[in-house]
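Residue-level structural notes
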Number of protein chains: 2
Amino acid sequence: MRSTITCRSIGVLVTTLLAGLAVPGRAVAQADPLPSWNDGAAKQAIVRFVKATTDQSSATFVPPDARIAAFDQDGTTWVEHPMYTQVVYCLERVAVLARARPELRHIEPFKTVLSGNRAAMARLTMKDLQTILAATLTGMTVGDFKADVGQWLASAKHPRWDRLYTELTYEPMLEVMRYLRDNGFKTYIVTGGGQDFVRVFSDTVYEIPREQVVGTMWGTTYGYAKDGKPVLTKEPKLLLNDDNAGKPQGIYLMVGRRPVAAFGNSVGDRQMLEYTGGGDGARLMMLVLHDDAQREYAYGPAQGLPVTKVGTFPQTLYDEAQKKDWTIISMKNDWKRIFPFE
Amino acid sequence: MRSTITCRSIGVLVTTLLAGLAVPGRAVAQADPLPSWNDGAAKQAIVRFVKATTDQSSATFVPPDARIAAFDQDGTTWVEHPMYTQVVYCLERVAVLARARPELRHIEPFKTVLSGNRAAMARLTMKDLQTILAATLTGMTVGDFKADVGQWLASAKHPRWDRLYTELTYEPMLEVMRYLRDNGFKTYIVTGGGQDFVRVFSDTVYEIPREQVVGTMWGTTYGYAKDGKPVLTKEPKLLLNDDNAGKPQGIYLMVGRRPVAAFGNSVGDRQMLEYTGGGDGARLMMLVLHDDAQREYAYGPAQGLPVTKVGTFPQTLYDEAQKKDWTIISMKNDWKRIFPFE
């Protein structure tokens, strides 16, 4: 008898081992893969999409290698207000830069940034901002940049929550990423932010390896350090602005496949969702609407929400989403919980 | 007794299942992973490198996510003589192009290409070639391009072997790719050729998914087809020339990690090997020397081999390889067999 039981135990072990193998073609049964989501149209759309694309008997089955899901970052997977995290980094870097190059204290737009005068800073133009980005994101080796961003992220805190920026990710979106990966999807970050900025933390924060980060791309030059070792230095040469039409372009460049699912929250994600929707079969296009001033922020101006320059969600985008069957995620109504630390 | 035997059988099954799981941290025991290689310094260098990087007890152990191996394509993983396959494609496309735009028959360099005069064609300059590449590789949607390349590859044949170009891969290099992957390495093609040209067949020919192809990158524009569907159109806007210093730049852009192994065959691979060698720990840098006119081609001009403009391997590169402990692969002496069809 005893050996029979042992056999059965081993049989169970074999079954368990087989079940544990990553079989991308099969939906993994689990209690509730999206516990931070309220039951509603958004949650249902996600679950329905995963079933439609992973059930082999479904007419809309998607083979594993085509299961590409693209996530915008700022405002979609983490907080972007009152200002994009990378821009905060760049503004804070200006002080560091001015220590090495004191003449910047007398040159605009650096002078304004160093003044700390928030009203004056709010009046900086897009051109000013680009000057600041170029000055603070280029000129160093890629290794020094990575180390500096890592160091900054380990201590800089968001003023409202007094938490690290990397803690301010949205738990419901982390759940969606995991749920998709558990079902054989390859998840990508597709961000207007700097590609190598986001790569510094994509693995630890999103469990997304750096090669699956598509972002705004700057060129590098190849040269040699004093010890003769080869180094890459970041250059102020924009290769691709991964925003608006740049998002499908960046996806083509980095992935070479059209996504079947895309998540965004602002006008900069419009073309990515449209491009995703342009393919055949089951598709999932979702937009996060920030309508929760209490727990996070409220901005649009869609649906009468306050106007913003950071993560603009115009009414035209809202109307297009309705027309094209893109799903709106209401932060207020669809999300039980916003942050992992809650 | 019978049930005991069954238990043992299941035990063996469990062991087999466990052994079959992809455990990237562990070298997979097998008879000879490189049967097309003669025993010699090159083969030994590969085996030694894999052991050094995958043995957890080794001081030079490399964690799985850092196991990046980069392979040049033309002349390293498939035949590049008498002319790069993609250039043959472009030259043959000129005739197709001239049917749609007859005026090209009277404009250089198209006139020369259409003449079929090989002596005149051999005199075309690099600028002429770039004009031809721009004309034949841009202006179409990315979908049309993919379809056209696929169609061409399915019938165009290499004049010497009367075989499809995709059959002219080097079996020993396919074995190295498989051997590395079996040991948890992620293999990339890093080619001076067009990124989206190579992506058309990388999966079927090399078992390398298209997102692991780094190549020369051209921009696209985002627009709409007549039916209103979004399309990307290839543009004559060079984003990155993935050759020479462009190879480490392309790797930084597409992968964001320094490779630990790199394989090339010409001066265009020099910086990629140098960059790979610039990291700490165990490294493998290899250069294929085409010294086998009988079975393939012989060209250098290193080691007194014939001079060539296609896949130049100068003596300075050979000397640098010797000095830096990069391993030379002699096609004649190291490879038992060249092609899979042999």
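Residues numbered from 1 in each chain as written. Chains lettered and ligands numbered in written order. Predicted model: local features only at pLDDT ≥ 70, side-chain atom pairs only at ≥ 80, totals over all residues. Heavy atoms only, no water.

1. Observations regarding the relation of the copies chain A and chain B
Each of the two chain copies can be brought onto the other by rotation about an axis and movement along it. Relative to chain B, chain A is turned by 180° and slid 0.0 Å along the rotation axis, the superposed coordinates differing by an RMSD of 0.0 Å. The transformation relating the two chain copies, once decomposed into turn and shift, fits a two-fold axis. When the interface residues of chain A are mapped onto chain B, 98% of them again lie at the interface, so the same face is used by both copies. (Least-squares fit on C-alpha atoms with pLDDT ≥ 70 in both. Contact = heavy atoms within 4.5 Å.)

2. Some points on the confidence of the model for chain A
The predicted coordinates should not be examined in detail at positions where pLDDT is low. All names here are of chain A. In the predicted model, chain A carries a mean pLDDT of 92, and the fraction of residues at 70 or more is 91%. Between residues 1-26, whose pLDDT stays under 50, and residues either more than four places distant or in other chains, the model counts 32 contacts. The ipTM value of the predicted complex is 0.90, and its pTM value is 0.90. (pLDDT = per-residue confidence, 0-100.)

3. As for the sheet that holds strand β9 (residues 327-330) of chain A
Residue and element names in this part refer to chain A. Overall, mixed pairing links the 7 strands, which are arranged β6-β5-β4-β1-β7-β8-β9 in an open sheet. Sheet topology places β6 (230-240) and β9 at the edges, where each strand pairs with a single neighbour. When the angles between neighbouring strand axes are averaged without regard to direction, this sheet yields 30°. Note: strand β5 (residues 213-224) against β6, 7 bridges, orientation antiparallel. From the neighbouring strand, Y222 faces β6, where its bridge partner is L232. (Pairing = 2+ DSSP bridges. Helix = DSSP H or I, 4+ residues; strand = E, 2+ residues; numbered from the N terminus. Axes fitted to C-alpha atoms, helices over the stretch in contact; angles between N-to-C directions.)

4. Examining the sheet that holds strand β1 (residues 68-71) of chain B
The pairing of strands in a sheet happens through backbone hydrogen bonds and is either parallel or antiparallel. All names here are of chain B. Pairing in this open sheet of 7 strands is mixed, and the strands run β6-β5-β4-β1-β7-β8-β9 from one edge to the other. The outermost strands of the open sheet, each flanked by one partner alone, are β6 (230-240) and β9 (327-330). Neighbour-to-neighbour, the strand axes of the sheet open up by a mean angle of 30°, direction not taken into account. In this sheet, strand β8 (residues 284-289) lies alongside strand β7 (residues 261-264) in parallel orientation, the contact comprising 4 bridges.

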